[in-house]
Amino acid sequence: MSTPYAKLPAWADYGLIPLINLSVAFIVAGFVVMLVGENPLRAAVILVEGAFGKGTGIAFTLFYATTFIFTGLSVAVAAHCGLFNIGTEGQAYIAGLGIAIVCLSFDSTLPWWLTFPLAIVASALVGALWALIPAYLQAKRGSHIVITTIMFNFIAASIMVYLLVGPLKPAGSQAPQTRNFLAGAELPKLNWIIELFGAKIRSAPLNISFLLALAMAFLVWLLIWRTKLGYEMRTYGHSPKAARYAGISETRIIITAMMISGALAGMMALNPVMGDQHNVAIDFVSGAGFVGIAVALMGRLHPVGIVLAAMLFGMLYQGGAELAFEMPAISRDMIVIIQGLVILFAGALEHMFRPYIQALFASFSPKSVGMQAVNGKGA
Amino acid sequence: MDIFNAIIQVLDSTVRLSVPLLLACLAGLYSERAGIFDIGLEGKMLVGAFAGAAAASVFHSALIGLGMAVLISVAFALVHGFASITHRGNQIVSGVAINFIAAGSTIILGQAWFQQGGRTPALQPGERFEAITWPGADAIRDVPIIGPIYAELLSGHSILVYFAFAMVPFTWWVLYRTRFGLRLRAVGENPAAVDTAGISVAWLRYRALICTGILTGFAGAYLSMVQNGGFVKDMTAGKGYIALAALIFAKWKPVNAMFACLLFGFLDAASIRLQGTPLPIVGKVSVQFMQALPYVLTVILLAGFIGKAIPPRAGGVPYVKER
């Protein structure tokens with residue numbers, strides 16, 4: 001098996017190349033800003049200031065990042081197993097149903113610290129079950145998981161719209177959403193952490209699910225790199241044939257990986273539903289599941305990278321909102337372009353600059369890129 | 001007679017609603033048959049719709065609009081090709097990226113250029129494709145049965161509708177009766193064999209993607225310049241994905257694709273028609289159920305309960321020349 005590319009030192013592989021890809025994505029985004037007739041550098045300054053300039057900005061940035069950590073981890077877990085879970089959006093959306101059931105039943109009787117664990121279980125369970133069917137179809141019937149998960153996104157959206165304009169809507173209300181939760185289903189805010197550093201926060205939705213997201217990032221790292229199951233998943237992702245030869249059950253590994261992925265996607269719903277809006281409304285996921293694809297690719301499927309990438313996207317969301325105030329020509333949809341460009345350059349075109357960088361490294365020190373070994377083999 | 005008229009009306013809107021699906025579905029057929037998965041149909045339709053409506057309203061010409069729609073859509077198809085053929089990137093990742101870039105840039109540029117909240121200006125009569133009335137349609141409109149069928153169902157559509165349906169036999173002919181089509185199918189099944197025969201796999205796949213771009217451009221132009229008098233943000237609303245579903249449903253065959261798109265178009269038309277009216281046996285059908293039906297049907301098909309959908313064998317795999 002000939003690998004098309006020789007090896008680079010690890011820091012170049014995990015640091016330099018993603019950085020270059022990312023920079024190119026942002027440069028192209030800068031051109032779009034210029035096309036709109038604004039100054040991209042000024043836009044960047046406003047964006048960063050909006051995200052980190054004030055305590056409230058930081059809290060909002062972390063609030064958005066929480067959501068993206070969950071969806072990023074969800075995409076990454078599936079990707080380690082060689083599965084492209086494009087259904088994170090739908091799994092998170094339908095998990096809102098699990099949370100709604102828990103919160104609407106218990107918010108008047110239980111305190112938040114009992115409702116929260118129940119809601120975690122419910123959201124994870126519903127998300128996992130929604131991923132189970134595509135996983136089963138992929139494993140047993142060979143239907144392509146990308147297509148089935150896309151279909152399941154639409155089916156989830158239809159079900160949620162049906163429920164939110166019908167059974168879940170309180171009588172006499174016009175808005176397509178559940179009734180507002182009582183105090184028993186409201187998550188405590190984490191803003192005091194930022195206030196410890198002297199910043200002032202007016203009102204920001206940063207809440208305890210941020211800590212849950214970080215814990216999940218750690219657990220995913222543990223799962224992927226420190227357990228037998230994670231090893232099997234990576235093996236299957238790398239080479240399904242080798243995994244089969246090693247006696248790993250294809251059905252079991254696909255279904256387990258997808259259910260974990262679905263569970264992580266489902267937990268994402270906790271953050272906006274219980275931490276911010278205190279109800280389940282139509283389209284509350286609003287594309288966060290798809291952002292997860294960009295986050296996972298940018299973080300190179302590693303939890304640390306995902307947390308960092310999620311922070312970056314949190315910054316884009318928060319800063320983008322500020323930007324829309326300052327530059328009316330640039331709405332928040334600018335982020336959708338950036339997201340697309342990041343997916344393009346960090347995902348589909350990730351190898352575009354690699355040959356040039358390898359050539360550059362080779363000209364400095366042939367040994368460092370293993371040129372001799374390649375030459376020795378006569379490849 | 002009322003029931004008959006109602007049926008004609010539903011079928012008429014079936015035709016109208018299935019045209020964008022059909023164009024996008026045939027577009028996907030070219031690329032997937034050449035071994036390139038294309039999730040980006042949705043995005044290419046969207047940029048086509050935007051470019052078409054924007055150019056038509058600026059240059060006051062429907063034809064320039066259509067040309068622009070095709071041009072921009074092909075450009076996006078080439079980006080997909082650049083990522084997935086030249087750089088052997090993941091085709092699905094690239095398609096997803098294209099959908100996002102399309103969704104974001106149409107809104108941002110639309111707002112910046114026209115300042116109407118992401119819409120393009122409403123198209124004037126000369127700037128959109130008008131309905132064509134067939135000869136004698138008005139004369140025989142009152143003839144029972146044949147009259148309405150001729151006047152309502154067949155006549156009175158825009159040129160793009162007839163183009164879409166003409167593309168079905170044309171695509172069949174290209175795929176199964178030309179050298180290009182034979183090679184296109186071969187490259188989707190076994191690119192190494194095509195390479196061995198001395199034909200460039202990359203160039204063949206690029207040409208397939210250009211066909212895809214042209215047809216998604218038409219599909220987008222239909223949405224913004226025929227169905228709607230201008231571009232509205234996110235106006236494709238998942239049609240690209242339904243087209244993808246239809247493509248699978250059709251098992252990657254052109255004539256089947258037409259029937260699949262008509263079926264999905266019919267479900268859409270029926271759901272609009274049946275909104276709120278109770279049906280005889282089943283009672284009131286919810287709109288959401290009808291909207292979800294194409295997706296549910298596709299999943300059932302994919303699960304292998306209605307025949308088996310076997311994709312082109314080399315689909316999704318970047319071709320690496322042996323070294």
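Values in this document were obtained by computation on a predicted structure and should not be read as measured data.

Student: I keep staring at the overall build of chain A and nothing clicks. Help me out?
Tutor: Counting secondary structure elements, chain A contains 17 helices and zero strands. The C-alpha radius of gyration computed for chain A amounts to 22 Å, which stays within 12% of the reference 21 Å derived for 379 residues, consistent with globular compactness. Over its C-alpha atoms, taken along the principal directions, chain A stretches across nearly 75 × 55 × 40 Å. By the burial criterion, 53% of the 379 residues in chain A qualify as buried. Long-range pairs, those at least 24 residues apart, make up 76% of the contacts in chain A between residues at least 6 apart in sequence.

Student: Can you walk me through the overall build of chain B in this structure?
Tutor: Within chain B, the secondary structure is distributed over twelve helices and two strands. Reading chain B from its N terminus to its C terminus gives the helix and strand order α-α-α-α-β-α-β-α-α-α-α-α-α-α. Taking 2.2 N^0.38 as the reference for a compact globule, 323 residues should give roughly 20 Å; the C-alpha atoms of chain B span a radius of gyration of 20 Å, in line with that estimate. Expressed as lengths along the three principal axes of its C-alpha atoms, the size of chain B is roughly 70 × 50 × 40 Å.

Student: What is the right way to look at the packing of aromatic side chains in this model?
Tutor: Think of a pair of aromatic rings as described by two things: how far the centres are apart, and how the planes are tilted against each other in angle. In total, this model carries 19 aromatic pairs over all chains according to the counting rule given. Judged by centre distance (5.6 Å) and plane angle (55°), the ring pair of Phe154 of chain A and Tyr241 of chain B falls under tilted. You can see Phe154 of chain A sitting in helix α6 (residues 145-165) and its partner Tyr241 of chain B sitting in helix α10 (residues 239-249), one on each of two chains. Look at Tyr241 of chain B and you get buried, because its relative accessible area is 16%. Taking the centre distance of 6.0 Å and the plane angle of 40° together, the rings of Trp172 of chain B and Tyr176 of chain B count as tilted. Linking Trp172 of chain B with Tyr176 of chain B, this pair stays in helix α6 (residues 159-177), spanning four residues, or about one helical turn. Taking the relative accessible area as the measure of exposure, Tyr176 of chain B reaches 23% and is therefore partly exposed.

Student: Got a minute to help me understand the nonpolar core in this structure?
Tutor: One recurring pattern in soluble globular proteins is that nonpolar side chains are buried together. Residues and elements named next belong to chain A. Counting 219 residues, the largest nonpolar core has Phe68, Met267, Leu270, Met274, Phe313, Met334 and Val342 as its most contacted members. Apart from residues no more than four positions distant in its own chain, Val342 is found in contact with Leu22, Ala25, Ala294, Met298, Phe313 and Gly347. Leu8, Ile17, Ile357 and Phe361 belong to the second largest nonpolar core, which has five residues in total.

Student: Which parts of the structure should I look at to understand the pattern of salt bridges?
Tutor: Pairing is possible between side chains that carry opposite charge, provided their charged atoms lie close to one another. Going through the model one piece at a time under the given rule, you end up with seven salt bridges over all chains. Arg16 of chain B serves as the salt-bridge partner of Asp12 of chain B, at 3.1 Å between the closest nitrogen and oxygen. With a gap of four residues between them, Asp12 of chain B and Arg16 of chain B both fall in helix α1 (residues 2-33), about one helical turn apart. Linking Asp38 of chain B and Lys44 of chain B is a salt bridge whose minimum nitrogen-to-oxygen distance equals 2.8 Å. Here Asp38 of chain B matches Lys44 of chain B in class, with each residue buried. The network of salt bridges with common partners includes Lys228, Glu232 and Arg252 of chain A.

Student: Sorry if this is basic, but what is going on with a nonpolar patch on the surface here?
Tutor: Taken together, the side chains of Ile140, Val143, Ile145, Ile146, Ile149 and Leu154 of chain B present a nonpolar region at the surface, about 460 Å² in accessible area. When its relative accessible area of 44% is taken as the criterion, Ile145 of chain B is described as partly exposed.

Student: Help me out: how do you make sense of the interface of chain B and chain A in this one?
Tutor: When the parts of a complex come together, some accessible area is lost, and that lost area is often used as the size of the interface. Of the residues lining the interface, 44 residues belong to chain B; the matching set on chain A comes to 42 residues. When chain B packs against chain A, the two sides together hide about 3600 Å² of surface, and 80% of this comes from carbon and sulfur. The tally of links from chain B across to chain A stands at zero salt bridges. Between the two partners, chain B and chain A, sit one residue pair in polar contact (both at pLDDT 80 or more). Those elements that provide at least two residues to the side of chain B that touches chain A are α3 (62-86), α4 (91-114), α10 and α12 (287-302) of chain B. The element that contributes the greatest number of residues to the side of chain B that touches chain A is α4 of chain B, accounting for 16 residues.

Student: What exactly am I supposed to notice about helix α3 (residues 55-80) of chain A here?
Tutor: Think of an α-helix as 3.6 residues a turn; residues three or four steps apart then line up on the same face. Residue and element names in this part refer to chain A. With 26 residues, α3 ought to run about 38 Å at 1.5 Å a step, and its terminal C-alpha atoms sit 36 Å apart, in line with that. Summarising burial for α3: 23 of the 26 residues are buried, a large majority. Of the residues flanking the end of α3, it is Gly82, one or two places downstream, whose phi is positive at about 75°.

Student: Is there a simple way to think about the environment of Ile133 of chain A in this case?
Tutor: In this structure, Ile133 of chain A sits in helix α5 (residues 112-141). It is 23 Å that separates the C-alpha atoms of Ile133 of chain A and Ile224 of chain A, two residues lying 91 residues apart in sequence.

Student: How should the environment of Leu41 of chain B be read in this particular structure?
Tutor: All names here are of chain B. Its place among the elements puts Leu41 in helix α2 (residues 41-59). For Leu41, a relative accessible area of 1% translates into the label buried. Along the sequence, Leu41 and Pro20 sit 21 residues apart, while their C-alpha atoms lie 11 Å from each other. Aside from chain neighbours lying at most four places away, what touches Leu41 is Ala24, Ala27, Gly28, Asn99, Thr212, Thr216, Gly240 and Leu244.

Student: How do you make sense of the side chain of Thr120 of chain B when you look at a structure like this?
Tutor: Residue and element names in this part refer to chain B. Among the structural elements, Thr120 can be located in the loop between α4 and β1 (131-132). Looking at Thr120, its side chain comes within polar contact range of the main-chain nitrogen of Phe231, at 2.8 Å. Ignoring anything within four residues of it in the chain, the contact list for Thr120 reads Phe50, Ala53, Ala54, Phe114, Gly230 and Phe231.

Student: Explanation requested: α10 of chain B in the structure shown.
Tutor: Residue and element names in this part refer to chain B. With eleven of its eleven residues buried, α10 lies for the most part within the structure. All buried positions along α10 are accounted for by Lys239, Gly240, Tyr241, Ile242, Ala243, Leu244, Ala245, Ala246, Leu247, Ile248 and Phe249. Where α10 ends, the next residue or the one after it, Lys251, has phi of about 55°, a positive value.

Student: Before we go on, may I ask you to explain the side chain of Gln318 of chain A in this structure?
Tutor: You can see Gln318 of chain A is positioned in helix α14 (residues 303-326). Aside from chain neighbours lying at most four places away, what touches Gln318 of chain A is Gly50, Ala51, Gly57, Phe60, Thr61 and Tyr64 of chain A.

Student: What am I meant to see in the confidence of the model for chain A here?
Tutor: For any part of a model where pLDDT is low, the fine detail of the predicted coordinates should not be relied upon. Put simply, chain A has an average pLDDT of 86, and 94% of its residues get 70 or more. When the criterion is pLDDT under 50, residues 373-379 of chain A qualifies, and its contacts beyond four places in sequence or with other chains add up to two contacts.

Student: Just to check I follow, could you spell out the packing of α14 of chain A against helix α15 (residues 334-348) of chain A for this structure?
Tutor: Packed helix pairs are characterised by how far apart their axes lie and by the angle those axes make with each other. Residues and elements named next belong to chain A. In the contact formed by α14 and α15, the axes pass within 10 Å of each other and the chain directions differ by 160°. Judged by the inter-axis angle, α14 sits roughly antiparallel to α15. The handedness of the crossing between α14 and α15 comes out as right-handed. Contact with α14, carried on its side by Phe313, Leu316, Tyr317 and Gly320, involves Ile335, Ile338, Gln339 and Val342 of α15 and no other residues of that element.

Scoring rules and cut-offs
Residues numbered from 1 in each chain as written. Chains lettered and ligands numbered in written order. Predicted model: local features only at pLDDT ≥ 70, side-chain atom pairs only at ≥ 80, totals over all residues. Heavy atoms only, no water. Helix = DSSP H or I, 4+ residues; strand = E, 2+ residues; numbered from the N terminus. Rg over C-alpha atoms; globule rule 2.2 N^0.38 Å. Buried < 20%, exposed > 50% of the residue type's maximum accessible area, 1.4 Å probe, protein only. Contact = heavy atoms within 4.5 Å. Phe/Tyr/Trp six-rings, centres within 6.5 Å; stacked < 30°, edge-to-face > 60°. Core = buried A, V, L, I, M, F, W, Y, C linked by side-chain atoms within 4.5 Å. Salt bridge = Lys/Arg side-chain N within 4 Å of Asp/Glu carboxyl O. Patch = residues over 30% accessible without salt bridge, like charges linked within 9 Å, V, L, I, M, F, W, Y side chains within 5 Å. Areas by Shrake-Rupley, 256 points an atom, 1.4 Å probe, with all protein chains shown as cover. Buried area = accessible area lost by both parts, 1.4 Å probe. Polar contact = N/O pair within 3.5 Å; in protein donor to acceptor, adjacent residues only side chain to side chain. Expected span 1.5 Å × (residues − 1). pLDDT = per-residue confidence, 0-100. Axes fitted to C-alpha atoms, helices over the stretch in contact; angles between N-to-C directions. Parallel < 35°, antiparallel > 145°, perpendicular 65-115°, else oblique. Left-handed = near helix turned anticlockwise from the far one by under 90°.

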